[in-house]
Amino acid sequence: MMQYGMYIDQNRCTGCFACVVACKDWHDVPAGPANWISIKTTEKGRYPNLFVAFLPTTCYHCITPACVLACPVEAVTKRAEDGIVTVDQDACLGKTDCGQCLEACSYDAPQFEAGEDAKMQKCDLCIDRWAEGKKPVCVMACPMQALDAGPLDELKEKRGGARETEGFTYDETLAPSILYKPKKNPYNP
Amino acid sequence: MTEKHPDYKDKIVHTVCNSHCGGTCDFKVHVREGKIIRIESVPEENGRPSMCLRGHAYRQRVYSPDRLLHPQKRTGPRGSGEFTRISWDEALDTIADEMKRIKTVYGNASLLHFCSMCDPHLLHHVLAFHSLLCSFGGYTAPWGYISCEAYAFAKGVTFGKSSKLRYSGHTPEEYLESRLIIMWGWNPATTEMGSNMSLSLARAREKGARIIAVDPRHTDSAAAFSDEWIPIKPGTDAAVMLAMVYVIIKENLQDQHFIDRYTAGFDKFKDYVLGLEDGVAKTPQWAEAIGGVQAATIADLARDYACEKSAILGSSFGPGRSAFGEEYHRVAAALEAITGKVKREQYAPTVKDFGLLPPFPFPPNKVEEGAPPRWNAVPSRGPSVNSSARVNVSSLTDAILKGKAGGYPADYKFMWLSNNNYLNQLGNINKAIEAFNKLEFILVTEQFMTATARFADIVLPVCTFLERWDIMPAMDVFSTKRSDFTILNKAIEPLGESKSQLEICQALALKLGIAGYPDQTDEELVRQMVAIASETKKSKSEEASKKEASISQEPQLRTPSGKIELSSGIAEKMNHPQIPAVPKYIETWESLNDPLADKYPLQLITPHFKRRAHSQFDNLPWLRELQVQAISINSRDAEARGIQADDMVRVFNDRGEVRIPARVTERIMPGVVAVPQGGWYSPDENGIDYGGSANVLTSNVISPGGSFVSNTALVQIEKVGK
Ligand code: SF4
Ligand code: SF4
Ligand code: SF4
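Computed from a predicted structure; not experimentally measured. (Residues numbered from 1 in each chain as written. Chains lettered and ligands numbered in written order. Predicted model: local features only at pLDDT ≥ 70, side-chain atom pairs only at ≥ 80, totals over all residues. Heavy atoms only, no water.)

**Points about the overall build of chain A**
Put simply, the rule reads: Helix and strand definitions follow DSSP, with helices as H or I runs of at least four residues and strands as E runs of at least two, each counted in order from the N terminus. Throughout, the radius of gyration refers to the C-alpha atoms, and the reference size of a globule is 2.2 Å times the residue count to the power 0.38. Burial here depends on accessible area, computed with a 1.4 Å probe over protein chains only, as a share of the maximum for the residue type. Under 20% is buried, over 50% is exposed, and the range in between is partly exposed. Throughout, a contact is declared for two residues whenever any of their heavy atoms are within 4.5 Å. For the accessible areas, the method is Shrake-Rupley and the probe is 1.4 Å, while residue cover comes only from the protein chains on display. His is not counted, nor are the chain ends; Lys and Arg add positive charge and Asp and Glu add negative charge. The location of each charge is read from NZ of Lys, CZ of Arg, CG of Asp or CD of Glu.
Counting secondary structure elements, chain A contains six helices and seven strands. Rg of the C-alpha trace for chain A: 17 Å, near the compact-globule value of 16 Å for 189 residues, within the 12% margin. Projected onto the principal axes, the alpha-carbon positions of chain A cover approximately 50 × 35 × 35 Å. Looking at chain A as a whole, 57% of its 189 residues qualify as buried. In chain A, the proportion of contacts linking residues at least 24 apart, taken out of those at least 6 apart, comes to 59%. When the accessible surface of chain A is summed, it comes to about 8200 Å², and 50% of that surface belongs to carbon and sulfur atoms. Computing the positive centroid from 20 side-chain charges and the negative centroid from 26, chain A places the two 10 Å apart.

Take a look at the structure:
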């Protein structure tokens with residue numbers, strides 16, 4: 001089965017948020033709690049010996065997606081052709097009445113706007129853009145060219161990459177489709 | 001210029017972001033049925049910049065519910081924000097009547113017009129206003145850059161000219177070739193300026209360059225790029241750099257060949273550094289006591305910098321925005337010169353003008369006629385900028401308050417502010433309010449009801465750059481790979497009744513009875529400019545290449561000696577104790593040795609913020625949710641005050657008080673606090689600001705060379721209830 005995923009060079013990321021806002025603009029996600037991509041900042045050490053790393057976090061379109069298994073109404077599905085995990089908002093029962101996907105996901109990837117009847121939404125790896133032959137908007141927006149996306153085995157071949165990095169732990173059960181060039185923390189190598 | 005996208009029925013309009021970061025990033029604007037539906041970036045190529053978060057949020061700016069779409073007339077007291085909608089006709093009649101009245105009663109010099117400087121476009125900018133106001137008999141114009149006057153001054157006295165006006169004076173390509181990069185007060189991950197500098201730094205690091213950050217803050221650039229962070233007290237940069245010079249001279253690491261051949265005044269400078277002039281040797285120990293950087297660290301840095309041929313001192317404008325910031329830039333220039341690291345072609349006179357001037361009439365500004373140059377004029381800045389009839393931009397409010405009695409060239413009665421938010425962005429807001437209240441009439445042309453606009457008598461709604469045509473010249477600021485000019489295509493029609501700056505000037509010209517002001521549309525004018533530019537380009541570039549060839553043969557700079565001046569003839573002539581002939585460390589006012597430090601023991605700096613370009617973009621929801629406007633304070637200083645993360649604190653000094661949350665962090669030097677500049681001033685009835693507007697706390701005194709001093713201020717912090 002074909003599996004699409006992302007590659008992140010954490011050494012490149014400056015925490016600039018270009019990807020975050022580009023995603024909101026492209027997918028018309030209003031300001032608020034729903035973020036398909038966010039930046040996680042890790043700060044370690046005491047003045048003046050510091051280690052700081054930024055990391056974009058999204059849905060990882062897991063090989064074994066917990067959200068798909070958890071959803072009682074099959075609103076979340078994994079596409080056979082590219083392994084992208086998508087959500088059918090019309091079918092979704094909403095966060096207040098259900099929220100099982102969020103509960104199940106180790107990475108808090110399912111997103112909900114504020115309000116009682118908010119339906120699940122999340123990163124869909126820009127399915128609409130692949131259809132036009134373009135990579136996801138975060139990848140193209142990143143001024144640092146820290147991101148890449150595509151078939152996972154191709155990415156692995158082209159870029160190599162590790163399964164874990166500062167701020168991310170690989171969940172064996174889910175098997176997230178993500179590769180990293182990790183940023184090394186000199187204080188806990 | 002526009003193309004149909006294959007899949008959508010959308011129009012894609014290409015333009016260049018016009019925000020005041022100076023970013024000039026390419027925009028691909030998707031327009032559907034006359035509405036912008038999204039804005040896409042153009043990935044980096046040849047060092048051209050790629051859009052930042054603010055560019056990606058621009059759609060929210062265009063369609064913000066806060067956009068001013070109709071002319072507004074003030075109905076309540078100044079600052080109250082009480083306005084009523086009026087017609088364009090009424091607005092323009094009122095403005096024209098006031099301008100005529102004030103001109104007749106007080107003379108043209110009493111009319112102030114300040115426009116932002118260096119926005120990357122030509123037509124809807126300062127020249128449009130300048131032409132109109134000169135045709136009206138003249139006005140008082142500003143001189144000086146808020147961002148980088150210290151830099152311009154220092155380069156002018158040292159090299160006879162500004163170098164390419166980059167934050168660090170170097171091109172992205174140069175960084176790629178460097179093995180040692182010192183980011184001195186420089187945070188390119190946050191302060192983009194017309195090239196993709198951050199990407200170059202990352203690539204340089206991947207190629208093995210060592211990067212060192214010298215900064216009171218552990219910036220995001222320090223986090224992303226640096227191998228080492230050297231914290232330094234604000235205002236002491238010149239001292240630490242002088243100690244580097246000391247080590248270099250003592251250990252004989254200077255490039256004597258370069259010094260002998262291309263510089264003048266080395267011996268005099270050396271005498272000062274070694275202490276022969278004033279009895280104080282500028283040793284690393286001396287600098288450690290001043291700047292808080294360990295002597296051994298300074299000495300190592302000096303050796304590494306001097307011995308690595310490809311080393312780059314990336315000295316930013318930020319440390320220059322302090323008292324005697326000129327000296328910091330001058331010492332930095334000297335450090336580069338004595339180690340032979342100055343690329344002389346950067347300073348050689350060039351001809352870059354391809355005749356890209358808007359076809360406005362430019363009668364002389366009568367207010368400046370016959371006025372001698374200012375005492376601190378630097379010849380390379382040109383006669384108008386040097387005119388003593390002008391007011392330093394950062395002294396605007398002081399000039400209004402004091403007028404002739406305070407030594408300013410005139411008493412000021414009328415002010416027109418365009419493309420800026422100067423109440424918010426100049427020092428000491430409470431003084432600025434006093435000043436604004438003293439004026440008889442204030443006109444503000446704006447997109448939003450900013451702090452400044454709230455003090456206007458009339459606010460005219462200006463459209464965004466996506467709603468008009470413009471053109472951007474090839475400026476030194478931008479990457480060498482830019483073409484001669486870039487057209488800023490109009491994407492949509494102006495919203496509501498908003499008008500472009502040009503249309504406003506055209507309408508006022510009619511009301512003021514000014515003949516000869518161009519009446520073409522912006523699109524027609526842009527086309528005309530392109531046609532003229534293409535014609536003159538060829539002859540000019542032939543001339544330029546001839547000139548450049550002759551320069552490389554005979555390297556003469558426009559300084560009195562024709563060389564890089566380590567002892568400046570221009571500075572010496574100014575004959576001012578705080579503008580010495582050789583670059584020196586001069587202790588700032590409001591330093592920690594100031595008696596005021598008993599009351600206000602923390603040094604405030606006011607850096608840039610990712611989600612704003614100065615005060616622009618502060619109101620956009622997509623951006624506001626990303627970063628909290630907070631004061632950064634070291635955990636030790638916080639602990640001593642019983643302050644915990646996110647506690648509400650009062651930050652205050654004799655000039656005012658701001659209440660914002662505390663960001664307790666390890667990423668700032670103890671004794672230093674930082675409020676990102678540009679938060680929108682939002683006072684309560686007691687004048688306490690809750691918008692986090694840093695300039696409530698800064699002063700409106702300028703440095704002798706004309707620099708804004710936004711990083712020289714002492715404050716105290718106390719916890720207030722949650
Ligand atoms: S990251 Fe979470 S939301 Fe995304 S596929 Fe895996 S389990 Fe589902
Ligand atoms: S919230 Fe919606 S998508 Fe998530 S598990 Fe429930 S029904 Fe499925
Ligand atoms: S755009 Fe790139 S550098 Fe910026 S936060 Fe996203 S991943 Fe990091």
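Read on for the rest.
**Comments concerning the site of ligand 1**
The line we're drawing: Put simply, a residue is near a molecule or strand once any heavy atom of it comes within 4 Å of that molecule or strand. Amino acids outside the nonpolar list (Ala, Val, Leu, Ile, Met, Phe, Trp, Tyr, Cys, Pro) and the charged list (Asp, Glu, Lys, Arg) are all regarded as polar, and Gly is one of them.
Close to ligand 1 lie 13 residues, the nearest being C59, Y60, C62, C67 and C105 of chain A. For the shell around ligand 1, the class distribution of residues is eleven nonpolar, one polar and one charged.

**With respect to the pattern of salt bridges**
Put simply, the rule is: Within this document, salt bridges are pairs made up of a side-chain nitrogen of Lys or Arg and a carboxyl oxygen of Asp or Glu, the two lying within 4 Å of each other.
A full pass over the atoms with the stated rule returns 57 salt bridges over all chains. Between D304 of chain B and R210 of chain B there is a salt bridge, with its nearest N and O atoms 3.1 Å apart. With D304 of chain B in helix α13 (residues 295–307) and R210 of chain B in strand β10 (residues 210–214), this pair connects stretches of sequence that are 94 residues apart. With relative accessibility at 33%, the residue R210 of chain B sits in the partly exposed group. A cluster of three or more residues bridged by salt bridges with shared partners is formed by E43 of chain A together with D220, K610, R663 and R667 of chain B.

**Focus: empty space enclosed by the protein**
All names here are of chain B. Our working rule: The method works on a 1 Å grid over the protein atoms by themselves. A cavity is a set of points holding a 1.4 Å probe that cannot get out, a pocket is an open set with protein on both sides within 12 Å along at least five of seven lines, and residues with an atom within 4 Å of a point line them. Grid points are joined across faces, edges and corners, and a volume is the space filled by probe spheres set on the points. Segmentation into domains, and thus their bounds, comes from an automatic or database assignment.
One pass over the full model with this rule turns up 14 cavities of 30 Å³ or more. Computed from the structure, the second largest cavity encloses a volume of approximately 350 Å³. Residues belonging to the lining of the second largest cavity are distributed by class as follows: ten nonpolar, ten polar and four charged. Taken together, domain 1 (149–346 + 550–574) and domain 2 (595–721) each give at least three residues to the lining of the second largest cavity, which thus spans both.

**Structural notes on the site of ligand 2**
Lining the immediate surroundings of ligand 2 are 13 residues, of which C71, C92, L93, C98 and C101 of chain A lie closest. A class-by-class count of the residues in the shell around ligand 2 yields ten nonpolar, three polar and no charged.

**Details of the interface of chain B and chain A**
Threshold: Summed over both partners, the accessible surface that disappears when two parts come together, traced with a 1.4 Å probe, is what is meant by buried area. Think of a polar contact as two N or O atoms within 3.5 Å of one another; within protein, one of them needs to be a possible hydrogen donor and the other a possible acceptor, and neighboring residues in sequence only count if both atoms come from side chains.
Residue-level contacts link 49 residues of chain B with 39 residues of chain A. For the pair chain B and chain A, the summed buried surface comes to about 3500 Å²; carbon and sulfur atoms form 52% of the total. The largest contributions to the chain B side of the interface with chain A come from R38, H56 and W622 of chain B, which together make up 16% of the buried area. For the pair chain B and chain A, the interface holds nine salt bridges. In this structure, the salt-bridge partner of R12 of chain A is E206 of chain B, at a minimum N-O distance of 2.7 Å. If you look at where chain B meets chain A, you find 21 residue pairs in polar contact (both at pLDDT 80 or more). Every element with two or more residues in the side of chain B that touches chain A is listed here: β4 (35–41), α1 (53–56), α7 (197–206), α8 (220–225), α21 (621–624), α22 (635–640) and β24 (656–665) of chain B. Residue classes in the side of chain B that touches chain A are distributed as 23 nonpolar, twelve polar and 14 charged.

**Re the side chain of Q501 of chain B**
Residue and element names in this part refer to chain B. One can find Q501 in helix α18 (residues 501–512). For Q501, a relative accessible area of 5% puts it in the buried group. Separated by 3.3 Å, the side chains of Q501 and N419 make a polar contact. Contact partners of Q501, with chain neighbours within four places excluded, come to H124, F129, N419, V462 and R468.

**Some words on the nonpolar core**
Condition: Joining through side-chain atoms within 4.5 Å is the link that ties buried Ala, Val, Leu, Ile, Met, Phe, Trp, Tyr and Cys residues into a set, and such a set is a nonpolar core.
L147 of chain A together with F27, V29, F225 and L466 of chain B are the most contacted members of the largest nonpolar core, which has 99 residues in total. The element best represented in this core is helix α1 (residues 18–26) of chain A, accounting for six residues. Two domains share this core, each providing at least three of its residues, namely domain 1 (149–346 + 550–574) and domain 2 (595–721) of chain B. Ignoring any residue separated from it by four or fewer positions in sequence, one finds F27 of chain B in contact with V13, H14, T15, C17, I39, E40, M51, G55, Y58, F465 and L466 of chain B. With 53 residues, the next largest nonpolar core counts M244, F269, A302 and V331 of chain B among its residues.

**Comments concerning the domain arrangement of chain B**
Residues and elements named next belong to chain B. Taken domain by domain, chain B comprises domain 1 (149–346 + 550–574) and domain 2 (595–721). Taking only C-alpha atoms, the centre of domain 1 and the centre of domain 2 are 28 Å apart. Contact with domain 1, which involves 28 residues of that partner, is made by 22 residues of domain 2. In total, domain 1 and domain 2 occlude about 2000 Å² of area from one another, counting both sides; carbon and sulfur atoms represent 56% of this. Sorting the residues of domain 1 by area buried against domain 2 places R217, P234 and R321 first, and these three jointly supply 32% of that buried surface. Where domain 1 touches domain 2, the interface holds two salt bridges. For the salt bridge of R667 with D220, the shortest nitrogen-to-oxygen distance reads 2.8 Å. Here domain 1 and domain 2 share 15 residue pairs in polar contact (both at pLDDT 80 or more) between them. Where the side of domain 1 that touches domain 2 is concerned, the elements lending two or more residues are α5 (149–159), α8 and α14 (325–338). Class assignment of the residues belonging to the side of domain 1 that touches domain 2 gives a composition of twelve nonpolar, ten polar and six charged.

**Some thoughts on unusual backbone geometry**
Residue and element names in this part refer to chain A. The amide bond that connects Y47 to the next residue, P48, takes the cis arrangement and shows omega of -5 degrees. Residues other than glycine seldom take positive phi values, yet D108 does so here, at roughly 50 degrees. Tracing the chain through its elements places D108 in the loop between α3 (100–104) and α4 (127–131). Since its relative accessible area comes to 51%, D108 is described here as exposed.

**Some thoughts on α7 of chain B**
All names here are of chain B. With respect to burial, α7 is a largely interior element, seven of its ten residues being buried. All of the buried residues in α7 are M197, S198, L199, S200, L201, A202 and A204. Where α7 is buried, its residues contact α6 (172–176), β9 (180–184), β10 and α8. One or two positions beyond α7, positive phi appears at G208, with a value near 110 degrees.

**Re the pairing of strand β1 (residues 4–9) of chain A**
Residues and elements named next belong to chain A. Which entries qualify depends on this criterion: At least two DSSP bridges between two strands are needed for those strands to be called paired.
Of all six residues in β1, six are buried, a share of seventy percent or more. Side chains of β1 alternate between two faces, with Y4, M6 and I8 and G5, Y7 and D9 buried alike. Pairing between β1 and strand β6 (residues 147–151): five bridges, direction antiparallel. The residue bridging G5 from the neighbouring strand is G150, located in β6. Examined bridge by bridge, β1 and strand β7 (residues 178–181) share four bridges and lie parallel to one another. Bridged to I8 within β7 is Y180.

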